[in-house]
Amino acid sequence: MKKTLRKIALLGLSVVALGSLSSQACTNFMITKGASKDGSTMVTYSADSHVLYGELYYRPAASYPAGAMVDVFDWDSGRKMGKIPQVSQTYSVVGNMNEFQLAIAETTYGGLSELEDTTAIIDYGTLIYMTLQRAKNAREAIQVMSDLVSNYGYASAGESLSISDPNEVWILEIIGKGKPILDKKGNVDTKKYTKGAVWVAYRIPDGAISGHANHARITKILKADGKRSITSKELKKINMPELECIYAYDVVDYAKNIGLFAGNFEDFSFSDTYAPLDFGAARGCEARVWSGFMQANRAEMAKYEKYARGEDLSMRMPLWITPDRKLGLEDVMNMMRDHYEGTSMDMTKDLGAGPFQCPYRWRPMGFEVDGKEYVHERAISTQQTGFSFVTQSRSWLPNPIGGILWFGVDDTYSTCYTPMYCGITQIPECFKVGNGNMITYSPTSAFWLFNQVTNFTYLRYNDIIKDVISVQKELETSFIKKVALNDAAWGKETDMKKLVNQANTFSNAQASIVFARWKKLSEYLLVKYIDGNIKKEENGKFKNSKYGEQRAVMPSQPKYPDWWYKKIVEDAGDNLKVITPTK
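Residues numbered from 1 in each chain as written. Predicted model: local features only at pLDDT ≥ 70, side-chain atom pairs only at ≥ 80, totals over all residues. Heavy atoms only, no water.

**Considerations on the overall build of the protein chain**
Working step 1: Broken down by element type, the protein chain carries 13 helices and 26 strands.
Working step 2: Computed over C-alpha atoms, the radius of gyration of the protein chain comes to 25 Å, within 12% of the 25 Å expected from 2.2 N^0.38 for 583 residues, which places it in the range of a compact globule.
Working step 3: For the C-alpha atoms alone, the extent of the protein chain along its principal axes is close to 95 × 65 × 45 Å.
Working step 4: Of all intrachain contacts in the protein chain linking residues separated by at least 6 positions in sequence, the fraction that spans at least 24 positions is 70%.
Working step 5: A total accessible area of about 25000 Å² is found for the protein chain, and carbon and sulfur atoms account for 53% of it.
Working step 6: Both charge centroids of the protein chain, one from 70 positive and one from 66 negative side chains, sit 2 Å from each other. (Helix = DSSP H or I, 4+ residues; strand = E, 2+ residues; numbered from the N terminus. Rg over C-alpha atoms; globule rule 2.2 N^0.38 Å. Contact = heavy atoms within 4.5 Å. Areas by Shrake-Rupley, 256 points an atom, 1.4 Å probe, with all protein chains shown as cover. Lys, Arg positive; Asp, Glu negative; His and termini not counted. Charge placed at Lys NZ, Arg CZ, Asp CG, Glu CD.)

**Here's the deal with empty space enclosed by the protein**
Working step 1: Following the criterion strictly, the structure yields 2 cavities of 30 Å³ or more and no others.
Working step 2: When its volume is computed, the second largest cavity comes out at roughly 60 Å³.
Working step 3: Grouping the amino acids of the lining of the second largest cavity by side-chain chemistry returns 5 nonpolar, 3 polar and 4 charged. (1 Å grid on protein atoms, 1.4 Å probe; cavity = no way out; pocket = protein on both sides within 12 Å on 5 of 7 lines; lining within 4 Å. Points joined across faces, edges and corners; volume = space filled by probe spheres on them. Nonpolar A, V, L, I, M, F, W, Y, C, P; charged D, E, K, R; others polar.)

**As for the packing of helix 10 (residues 446–457) against helix 12 (residues 496–529)**
Working step 1: Close contact between helix 10 and helix 12 brings their axes to 10 Å; oriented N to C, the two are set at 25 degrees. Considered as vectors, helix 10 and helix 12 are oriented roughly parallel to each other. Seen from above, helix 10 lies across helix 12 with left-handed handedness. Residues A446, L449, F450, V453 and F456 of helix 10 form the contact with helix 12, whose participating residues are V514, F515, W518, K519, L521, S522, L525, L526 and Y529.
Working step 2: Each residue belonging to the contact of helix 10 with helix 12 can be placed in one class, and the counts come to 12 nonpolar, 1 polar and 1 charged. (Axes fitted to C-alpha atoms, helices over the stretch in contact; angles between N-to-C directions. Parallel < 35°, antiparallel > 145°, perpendicular 65-115°, else oblique. Left-handed = near helix turned anticlockwise from the far one by under 90°.)

**Section: the environment of I401**
Working step 1: Mapping I401 onto the fold places it in helix 9 (residues 399–402).
Working step 2: According to the relative accessible area criterion, I401 is buried, its value standing at 0%.
Working step 3: Residues I401 and M496, spaced 95 residues apart in sequence, show a C-alpha to C-alpha distance of 9.7 Å.
Working step 4: Residues in contact with I401, not counting those within four places in the same chain, are R394, Y421, W490, G491, L499 and A503. (Buried < 20%, exposed > 50% of the residue type's maximum accessible area, 1.4 Å probe, protein only.)

**Brief notes about the pairing of strand 15 (residues 197–203)**
Working step 1: Taking burial as the measure, the 7 residues of strand 15 include 7 buried ones, the bulk of the element.
Working step 2: Covered by surrounding structure in strand 15 are A197, W199, A201 and R203 together with V198, V200 and Y202, the residues of both alternating faces.
Working step 3: As paired elements, strand 14 (residues 169–176) and strand 15 share 7 bridges and run antiparallel to each other. When the bridges of strand 15 are listed, W170 appears paired with R203.
Working step 4: Alignment of strand 15 against strand 18 (residues 245–247), held across 3 bridges, turns out to be antiparallel. Looking at strand 18, one finds that A201 is bridged to I246. (Pairing = 2+ DSSP bridges.)

**A closer look at the environment of R217**
Working step 1: Relative to the assigned elements, R217 resides in the loop between strand 16 (209–212) and strand 17 (229–231).
Working step 2: Here the alpha-carbon distance between R217 and G408, two residues 191 residues apart in the chain, equals 27 Å.
Working step 3: With residues up to four places along the chain from it excluded, the contact list for R217 reads E173, S210, G211, H212, E286, V289, F293, R316, M317, P318 and L319.

**Looking at the nonpolar core**
Working step 1: Ranked by size, the top nonpolar core spans 162 residues in total, and within it I163, V251, Y274, F431 and W518 carry the most contacts.
Working step 2: Take this core: its biggest share by element is 10 residues, from helix 12.
Working step 3: Setting aside chain neighbours within four positions, we find I163 in contact with L102, A103, I104, A138, A141, I142, M145, E168, V169, W170 and L172. (Core = buried A, V, L, I, M, F, W, Y, C linked by side-chain atoms within 4.5 Å.)

**Some words on the packing of helix 11 (residues 461–490) against helix 12**
Working step 1: Relative to each other, helix 11 and helix 12 sit at 165 degrees, their axes nearing to 11 Å. Between helix 11 and helix 12, the interaxial angle falls into the category roughly antiparallel. Here the hand of the crossing between helix 11 and helix 12 comes out right-handed.
Working step 2: For the contact of helix 11 with helix 12, the class distribution of residues is 16 nonpolar, 4 polar and 6 charged.

**Quick look at the sheet that holds strand 3 (residues 28–31)**
Working step 1: Taking strand neighbours across the sheet as the criterion, the 7 strands line up as 19-16-3-4-22-23-24 in an open arrangement whose pairing is antiparallel. The outermost strands of the open sheet, each flanked by one partner alone, are strand 19 (320–321) and strand 24 (418–421).
Working step 2: Bridging between strand 22 (residues 385–393) and strand 23 (residues 403–409) involves 7 bridges; their strand directions are antiparallel. Bridged to S388 within strand 23 is G408.

Structure representation (structure tokens):
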């Protein structure tokens, strides 16, 4: 979210993920019913932006009279793009999930900059949230998106979209048609060129998982046969059970007509044509998908490490994989918590981690030393995350409680995912839009509270993070158990208004619990780790001295690791050496 992504150059690398402060990078994973333990579909998302405030958006359902229009504003800048006709009925949306358990998330891959259409109306944010307000399931969502960009043009850079409902999960990749097709006289060829976008959507096979992280991942396209694959001109067939692939009717012809591709349909690759792969795209983007896939099937994915490192682009990862086990909610949350631990890109191992193994690097991500170019890794877990979530869509439960947006603010590694039912109509105060912002501190905002904890954690990471993770697990485990109890108690309820009330009460209560517990954690960490010391504990309490006043016993004062002392000496030379003074 809140991105101004463009295909930019960094030290000669055409790379989205390793860009300047103006560029942002997000990560999505998609889990099908057959790949999850409980039969839910899941989508993950991290909104990674240095200028994005973590808050939970809410759009209530509404009815509109015939002829009503709706203003369209660019999601990034707030600039008014134009007006389009409003539908008679919109659906309520909590975050990126609507009342029918439809969820949509995104990552921006940029692609070829000349394809951005500056005259279009529909930007990527409008495309997502307007679709959530107008569609009940994933296939309807694809129809709505196709209609919107066909009618009003697509105004953003290239996007990968995750689309899930209680039964299916789809990936859709789209890019604009900002470059017109010209005839032999150099005029716009109106017979061949229509405004809009080119796109491809694939249904992830049941039992598989997929993911994307700021680089287009769809390559070959399944040729339209009216059954397994159709074009946008055949959307009347979109509900065929066997349907696997849908694409803009001119996705290949457009590339041919503007000189991007000259081969046969069978040889066409969406990604290679509209967003060519390079070192930066592999190392900064595809590597994140690889690291998540590694958590789901290490034996299968280990062979792609050179690809993820950007060393061998010929061995491209598959669009989806089969995990080596059914994935539970905790597994999927953990896929979003990764610094490449246990791989050659492990961010806790090099000197940049400092003496306390901090897996975070301050921007810029690319740098030059003695005329040579280097990069810091871009992991899934990163300090600039505004918010993230894991959605669950559960077909066996009524909609208001069937859909859950497990919502968290700040860094995915140390956030606490809190259950927000898709049926809620009341947003918790700590997540509410307007409760503080990126330049205004609020003591009742979860975003600012979580940032207080993480920024303190970065100071002595390998010690402090253990306390943070302990509280995180305590809370998330309790929430999962509570949701299971709710499923049993409310699963057969037919009164939807009653369910909405129960969803509101429960979700708001859990948010209050998280805020209070994290506030207590922030105080505990300050007391325990002040001034580089670590206070001693006994039976869950800090040890007091024997004096009458409340004084702690002498705290531990752990030294730096030996390797760090050696680095200090290598740098300082004899300046710090203990010597025998002359007399």
